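# Observations on the model geometry
One-letter residues, chain by chain:
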Number of protein chains: 2
Amino acid sequence: MARPPSRSPAELLDAARGGDRGALARLLSTVERGGDGAREVSRAVHPVGGAATTVGITGSPGAGKSTLVSALVGEARRAGERMAVLAIDPSSPFTGGAILGDRVRMGEHALDDGVFIRSMATRGHLGGLSLTAPAAVRVLDAAGWPWVVLETVGVGQVEVEVAGEADTTVVVVNPGWGDAVQANKAGLMEIADVFVINKADRPGAADTRRDLESMLALADRGGSDGGRGPAGSSGSASGPGPWVPPIVETVATTGQGVAELWGTLARHREWGQASGEVERRRARRSGAELHRIVVARLMEEAAALGSGAFFDGLRDEVVARRLDPWSAADRLLAEL
Amino acid sequence: MARPPSRSPAELLDAARGGDRGALARLLSTVERGGDGAREVSRAVHPVGGAATTVGITGSPGAGKSTLVSALVGEARRAGERMAVLAIDPSSPFTGGAILGDRVRMGEHALDDGVFIRSMATRGHLGGLSLTAPAAVRVLDAAGWPWVVLETVGVGQVEVEVAGEADTTVVVVNPGWGDAVQANKAGLMEIADVFVINKADRPGAADTRRDLESMLALADRGGSDGGRGPAGSSGSASGPGPWVPPIVETVATTGQGVAELWGTLARHREWGQASGEVERRRARRSGAELHRIVVARLMEEAAALGSGAFFDGLRDEVVARRLDPWSAADRLLAEL
């Protein structure tokens, strides 16, 4: 019997959980397209999942994030763990949602059932990346992937935010960073649970480590930071102490330091669970996402209100000074 | 008899139209504060006005905009015209809404009833500058000022947009510009009706003129530009031809070239009226403002929805996976 032409999100999710990579890819494509389809998928996957550890990896273009992620996948596999990667990196030659790109990225992992790598284009639809990325992560979580890595380029505010909304966030820098990430340095410092100095065989690695250490010391992490693990927020005197972001030096192209990074991720996961930080972050993320969805829904309404004969008529009344713009807006809003 | 403690917006407007500068300042302060008071003022002034010519002046910090505006005011006064200035320039030492700042800015014009200069701070309230600046311009228009100049620093997107929403937009550059405005160059090119090379006595003025001329040639102004006067959009074969943005060289500190700028503004006003471009721009501005008000109103609703016990309860349902975020958003929106 032929396969039915279209499977529901629930059917696709069942198949994806059974190892059907095509079904998983279709769920992710639907999420990526946004709109009603994405909502249906989100609704279908929501009851399932919560077991995945999510890792956000971000840093300036050219920092070697993709190579590092690929090496990290290898390390996870050697430890017997399965890992999915969602790459949102417009600076990467592989990104753009192209199947070829995904195959190229897969590289050595292409034939490994324990690895799933997906490039995602950043689209212009309402809510954009800030809605799409968490929804895609939830699909991978619901499909049973225990580790979900989200790679973004740490330049745009949204990209940094998205990487920061993970159980563990890794910020990748290079020796002599500074210029490229200067504008976002504060934002990157704020979200980092782990720093990686990649290309650490280049001159300046020791200086970069000192820079990071002094910035960490200055940041007074018990203070303004939003819950990256200060002792004061653990709420339990017997819990683990605060998390001080470690600095890991790697050379992703040779694999140097990648085992240490993997060990650090595992350690941060343990800390997050023991300290309650994972639960706190998930609640905060859910609240932030809920608010973003409300805003996106309202913006859709506003876009719909901002055109058409009714809008044009009211605008003409405003132009003719028979109606002030606030009263015109009231009439438009009354149409909601 | 003592003056009543509080005058209505309509009363203040009557007084302002009669020359009461204190009443005008109070109307502008109310607009600047935003909220219901600003809406009341907007409603009160809306039926009046439409006679003012609005001039947006923008450019990078340090381009000499404030000095140029002051010189332009002097030129307008010599021509027997009254002129009001709204300065929204966070890079200016005078800005911040301070009365002292306004007095300092007034300088030589402080005792001239035909001049009104007001510094406006950019505030963080919803809608912000993009709602406040046009509302303030309308107050000055309704109060009977025939020329209203809006000075903004051309760095932020909103500031450039606000300056672009004028009957005539002047972009001020310096010899050897480039770096400072590089990021916004396309945006500035798009809104400019007139270019001013200020500090034209410095080296590089001729190069800057050539740069601007070649960019203007490249821009193919009959194409993608949104109505800055291409012939194709005039809709009348007998109307005036397209407007090609002239380049005026000035040395604002000595007054050199300022008379030519004033003449150019007058010429662009004539062109705008003859070509119908003024009317088209005003209709477009009204539509854009109406849409912004709708968005601001919806964002206020969203902010109110994004906190409180009802929100927290729904978020907790999402965290517990009893409710998906889209359905939770539906319930929040149903509260509107």
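Values in this document were obtained by computation on a predicted structure and should not be read as measured data.

Conventions we followed
- Every chain is numbered on its own, with residues counted from 1 as its sequence reads.
- Chain A is the first chain written and ligand 1 is the first ligand written, with later ones labelled in order.
- At least 70 in pLDDT is required for a residue's local features to be given in this predicted model, at least 80 for side-chain atom pairs to be given and counted, and no such filter applies to totals for whole chains, interfaces and linings, which use all residues.
- Two strands qualify as a pair provided that DSSP identifies no fewer than 2 bridges between them.
- Secondary structure elements follow DSSP: runs of H or I no shorter than four residues count as helices, runs of E no shorter than two count as strands, and numbering proceeds from the N terminus.
- Note on definitions: angles span 0 to 180 degrees between N-to-C directions of axes, and those axes are lines fitted to C-alpha atoms, for helices only across the stretch in contact.
- The contact criterion used is a C-beta to C-beta distance within 7 Å, with each C-beta placed from the backbone.
- We call a residue exposed when 12 or fewer other C-beta atoms sit within 10 Å of its C-beta, buried when the count reaches 20 or more, and partly exposed for counts in between; the C-beta positions come from the backbone.
- A residue counts toward the fit only if its pLDDT is at least 70 in both copies, and the copies are then superposed by least squares on the C-alpha atoms of those residues.
- For this classification, Asp, Glu, Lys and Arg are treated as charged, while Ala, Val, Leu, Ile, Met, Phe, Trp, Tyr, Cys and Pro are nonpolar and the rest, including Gly, are polar.
- Within a predicted model, pLDDT stands for the predictor's per-residue confidence, ranging from 0 to 100.
- For the purposes of this analysis, a nonpolar core is taken to be any set of buried Ala, Val, Leu, Ile, Met, Phe, Trp, Tyr and Cys residues that are connected through C-beta atoms within 7 Å.
- Domain start and end points were adopted from an automatic or database domain assignment.
- Roughly parallel means an angle under 35 degrees; roughly antiparallel means over 145; roughly perpendicular covers 65 to 115; every other angle is labelled oblique.
- Left-handed describes a crossing in which the near helix is turned anticlockwise from the far one by less than a right angle; the clockwise case is right-handed.

### A look at the sheet that holds strand 5 (residues 168-173) of chain A
Residue and element names in this part refer to chain A. Sheet architecture is open: seven strands sit in the order 3-2-4-1-5-6-7, paired in parallel fashion. Of all strands in the sheet, those with a lone pairing partner are strand 3 (115-119) and strand 7 (247-249), marking the two edges. Between one strand axis and the next, the sheet turns through 20° on average, direction left out of account. Strands strand 1 (53-59), strand 2 (83-88) and strand 4 (147-153) of the sheet are contacted by helix 6 (residues 128-142), whose axis makes an angle of about 165° with strand 2.

### So, the pairing of strand 4 of chain A
Residue and element names in this part refer to chain A. Among the seven residues that make up strand 4, seven are buried, leaving the element largely enclosed by the rest of the structure. Judged from the seven bridges that link them, strand 1 and strand 4 form a sheet pairing that is parallel. Paired with G59 across the strands is V153, a residue of strand 4.

### Looking at the relation of the copies chain A and chain B
Overlaying chain A on chain B yields an RMSD of 0.2 Å, the required transformation being a rotation through 179° with an accompanying axial translation of 0.1 Å. Taken together, the rotation and translation describe the operation of a two-fold axis. In terms of proximity to the rotation axis, the leading residue of chain A is L298 of chain A, whose C-alpha is 3.1 Å off the axis. Most of the interface of chain A is mirrored in chain B, where 100% of its interface residues are also at the interface.

### Section: the interface of chain A and chain B
Across the boundary between the two partners, chain A contributes 35 residues, which contact 35 residues of chain B. Of all the elements, helix 11 (residues 277-305) of chain A adds the most residues to the side of chain A that touches chain B, at 15 residues. Within the side of chain A that touches chain B, the residues separate by chemical class into 18 nonpolar, eight polar and nine charged.

### Let's talk about the confidence of the model for chain A
Residues and elements named next belong to chain A. Within chain A, residue pLDDT values average 83, and 81% of them lie at 70 or more. Below pLDDT 50 for its whole length, residues 221-227 participates in 15 contacts with residues either more than four positions away or in separate chains. Note on residues 229-236: pLDDT under 50 across the span, and 17 contacts to partners over four residues away in sequence or across chains. ipTM for the predicted complex: 0.78, alongside a pTM of 0.66.

### Focus: the nonpolar core
Of all hydrophobic cores here, the largest spans 172 residues; its most connected members are V139 of chain A together with V139 of chain B. Residue-level mapping places this core at the junction of two domains, with at least three residues from each of domain 1 (50-275) and domain 2 (306-334) of chain A. Apart from residues lying up to four places away in sequence, V139 of chain A is in contact with L27, L28, V31, V41 and V45 of chain A.

### Comments concerning the pairing of strand 3 (residues 115-119) of chain B
All names here are of chain B. Burial analysis of strand 3 places five of its five residues in the buried class, the great majority of the element. The side-chain alternation of strand 3 yields two buried faces, one formed by V115, I117 and S119 and the other by F116 and R118. One ladder, built from five bridges, connects strand 2 (residues 83-88) with strand 3; its direction is parallel. Bridge pairing in strand 3 places A87 opposite S119.

### Structural notes on the packing of helix 12 (residues 309-319) of chain B against helix 13 (residues 325-334) of chain B
All names here are of chain B. Relative orientation of the contacting elements helix 12 and helix 13 amounts to 165°, with a least axis distance of 9 Å. In terms of their interaxial angle, helix 12 and helix 13 are classed as roughly antiparallel. The interaxial crossing formed by helix 12 with helix 13 has right-handed handedness. Residue-level contacts link F311, L314, E317 and V318 of helix 12 to P325, A328, R331 and L332 of helix 13. Broken down by class, the residue content of the contact of helix 12 with helix 13 amounts to six nonpolar, no polar and two charged.

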